[in-house]
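Overview (structure and organization)
This is what each chain is made of:
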Amino acid sequence: MASLSGKVAVVTGAGSGIGREVALAYAREGAAVLVSDVNEAGGRETVAAIAAAKGRASFFRADVSRTAECAALADEAVRTFGRLDVACNNAGIGGAIAPVAEQPIEAWDRIIAVNLSSVFYCMRAQIPRMLERGGGAIVNMASILGAVGFPGSAGYVAAKHGVVGLTRTAALEYSVQGVRVNAVGPGFIETPLLAGMDAAARAGLVALHPIGRLGRPQEVAELVVWLSSPASSFVTGAYVPIDGGYLAR
Ligand code: NAI
C-alpha cells in the first residue's frame, strides 16, 4: 500500500527543484498535496505533473517569509483537503556570496527571513492543525551547511544551522503528542539553485562529494517521503544528511 495513503501534505517551494520532486513523490505515495510557491507558473506546472500521474494536488501561492501567508497556507490545506498530516518546509534561496564583513545587511535579513524565519512561521501554523488530528510529520529542508561552514555563505549557513536547531526543539516539544519533526541535510543537488555556475566551480563542488557527483532532487525526495511516512515512526528530532559522503570527511 502507498505509504501516505489518505494523508494531506503541504510542500513549500514546490514549483521547482527539490520541492517539486517531493510534491510528486508525496502524490505518488497517495497523499493529496497542496503545492505552494511564490512562483505561480512553476507551482502550477507541478500540480499539472501530479494530475498527469493521476495524483491529487492543488496550488496555493504563499511567500514563506511572511508569517500571515504561512498561516494562510496551513488553513488552505484544511479548507481544500480537510486536514493536514504532513509538511515539507522546503522553500529557500541561495543568498549573497561575500565574506562576513562585506555582506550587505539587507542580504542577511532576506536570507534569514526566507530560509529560517519561514520554517518557524510554517511550523507555528502547521503544528496546531496536525494536533487537531492526533499527529503528523514535518520535514524541514536544511543542508549540509546546517552542520558545517562554507566560505562566502554566512547567511545561508547560519539559517540552515538555525533550521536544525528549530527542528530539534520542536521535536522535543511535540513528539509526545504525535508530531514528529525532522530535518534533511542535502549535499549539493542539481537544481536551478545551482544554475549559472561555471564548469570550474561545478568541478570544485563535485570534488567535495566523495561519491563523485552532485545529488539529484529525486534522491532527496525519497528520504523526505520516508521521514514523512509511518516507516520512520521512531525517528524524530533527527538531522539526516543526504550528501554523497560530504560530511564524512
Ligand atoms: P530551487 O531554486 O530549484 O527551488 C526553490 C523554490 O523555492 C523555488 O520554486 C522558489 O520560487 C521558491 N521560493 C523562493 N523564495 C520563496 C519564498 N519567499 N516563498 C515561497 N517560495 C519561495 O532550489 P532547490 O535547490 O530545490 O532548493 C530547495 C531547498 O533545498 C532550499 O531550502 C535549499 O536551501 C535546499 N538545499 C538545496 C541544495 C542544492 O544544492 N540545490 C542543497 C541543500 C539544501
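Note that the coordinates shown come from a computational prediction; the quantities given were computed from them, not determined experimentally.

**A look at the overall build of the protein**
Looking only at helices and strands, one finds seven helices and seven strands in the protein. Each helix (α) and strand (β) of the protein, taken in turn from the N terminus, gives the series β-α-β-α-β-α-β-α-β-α-β-α-α-β. For the protein, buried positions account for 51% of its 249 residues. Taking all contacts inside the protein whose residues are at least 6 apart in sequence as the whole, residues at least 24 apart take part in 71%. Roughly 10900 Å² of accessible area belongs to the protein as shown, and the carbon and sulfur atoms make up 58% of that amount. Treating the 21 positive side-chain charges of the protein as one cloud and the 20 negative ones as another, the clouds have centres 6 Å apart.

**A closer look at the pairing of strand β4 (residues 86-89)**
Side chains of β4 alternate between two faces, with V86 and C88 and A87 and N89 buried alike. In this structure, strand β1 (residues 8-11) lies alongside β4, joined through three bridges in parallel fashion. For V11, the partnering residue across the bridge sits in β4 and is C88. Across four bridges, the pairing between β4 and strand β5 (residues 136-141) is parallel. Note on β5: the bridge partner recorded for A87 is I138.

**A few points about the side chain of E76**
Relative to the assigned elements, E76 resides in helix α3 (residues 67-81). Within the local environment of E76, its side chain forms a polar contact with the side chain of R79, the two groups lying 2.9 Å apart. Those residues in contact with E76 that lie beyond four places of it in its chain are L34, F60 and F81.

**A few points about the pairing of β1**
Covered by surrounding structure in β1 are V8 and V10 together with A9 and V11, the residues of both alternating faces. Looking at chain direction, β1 and strand β2 (residues 32-37) are connected through four bridges and run parallel. Residue pairing across strands places V10 opposite L34, the latter belonging to β2.

**Here's the deal with the nonpolar core**
Counting residues in hydrophobic clusters, the biggest one holds 40 residues, and the most contacted among them are L34, M123, I138, V181 and F188. The set of elements that each furnish at least two residues to this core consists of β1, β2, α3, α4 (105-132), α5 (154-174) and β6 (179-186). Sort the elements by how many residues they give to this core and α4 lands first, with eight residues. Residues contacting V181, with those up to four places away along its chain left out, are M123, I138, N140, T167, A170, A171, T236, G237 and A238. Core analysis: the second largest hydrophobic core is formed by 29 residues, I18, M141, V184 and L227 among them.

**Digging into the pattern of salt bridges**
On inspection of all chains with the given rule, the structure shows 13 salt bridges. A salt bridge links E40 to R44; the nearest nitrogen and oxygen atoms lie 3.1 Å apart. With a gap of four residues between them, E40 and R44 both fall in helix α2 (residues 40-52), about one helical turn apart. Owing to a relative accessible area of 35%, E40 belongs among the partly exposed residues under this scheme. Note that R83 and D85 form a salt bridge whose closest N and O atoms lie 2.8 Å from each other. On the basis of relative accessibility, which here comes to 24%, the residue R83 falls in the partly exposed class. Each of the salt bridges in this network shares a partner with another, and the network as a whole consists of R28, E29 and E222.

**Section: the site of the ligand**
With respect to spatial proximity, 29 residues lie near the ligand, and among them S16, D37, N90, Y156 and T191 are the closest. In this structure, an oxygen atom belonging to the ligand sits 2.6 Å away from a side-chain N or O atom of Y156. Out of a free accessible area of 830 Å², the ligand has 93% covered by protein chains. When contributions to the shell around the ligand are tallied by element, the ones reaching two or more residues are α1 (17-28) and α5.

**Observations regarding the sheet that holds β4**
Pairing in this open sheet of seven strands is parallel, and the strands run β3-β2-β1-β4-β5-β6-β7 from one edge to the other. Of all strands in the sheet, those with a lone pairing partner are β3 (56-61) and β7 (239-242), marking the two edges. In this sheet, adjacent strand axes meet at a mean angle of 20° when their direction is disregarded. Docked against the sheet, α1 engages β1, β2, β4 and β5, running at close to 170° with respect to β1. Here α4 sits on the sheet in contact with β4, β5 and β6, set at roughly 170° to β5.

Conventions and cut-offs
- Per chain, residues are indexed from 1 in the order of the written sequence.
- Reporting of local features is limited, given that this is a predicted model, to residues whose pLDDT is at least 70; pairs of side-chain atoms are given and counted only at 80 or more, and all residues count toward the totals for whole chains, interfaces and linings.
- The basis for the side-chain values is all heavy atoms of the structure; hydrogens and waters are excluded.
- A run of DSSP states H or I qualifies as a helix once it reaches four residues; a run of E qualifies as a strand once it reaches two. Both are numbered from the N-terminal end.
- Each residue is placed in one exposure class: buried if its accessible area under a 1.4 Å probe, protein chains only, is under 20% of its type's maximum, exposed if it is over 50%, and partly exposed if it falls in between.
- Contact definition: two residues touch when any of their heavy atoms are within 4.5 Å.
- The method behind every accessible area is Shrake-Rupley, applied with a 1.4 Å probe, and residues are considered shielded solely by the protein chains displayed.
- None of His or the chain ends enter the tally, which takes Lys and Arg as positive and Asp and Glu as negative.
- To locate a charge, take NZ of a lysine, CZ of an arginine, CG of an aspartate or CD of a glutamate.
- Paired strands are those between which DSSP finds at least two bridges.
- As used in this structure description, the phrase polar contact means that two N or O atoms lie within 3.5 Å; if the pair is within protein, one of them must be able to donate a hydrogen and the other to accept it, and residues adjacent in sequence are counted only when both atoms belong to side chains.
- Put simply, a nonpolar core is a bunch of buried Ala, Val, Leu, Ile, Met, Phe, Trp, Tyr and Cys residues held in one set by side-chain atoms that sit within 4.5 Å of each other.
- Criterion for a salt bridge: a side-chain nitrogen of Lys or Arg within 4 Å of a carboxyl oxygen of Asp or Glu.
- When we say a residue is near a molecule or strand, we mean one of its heavy atoms is within 4 Å of it.
- Note on geometry: axes are lines fitted to C-alpha atoms, helical ones only across the stretch in contact, with angles between N-to-C directions running from 0 to 180 degrees.

Interpretation in functional terms is not warranted from these geometric data alone.
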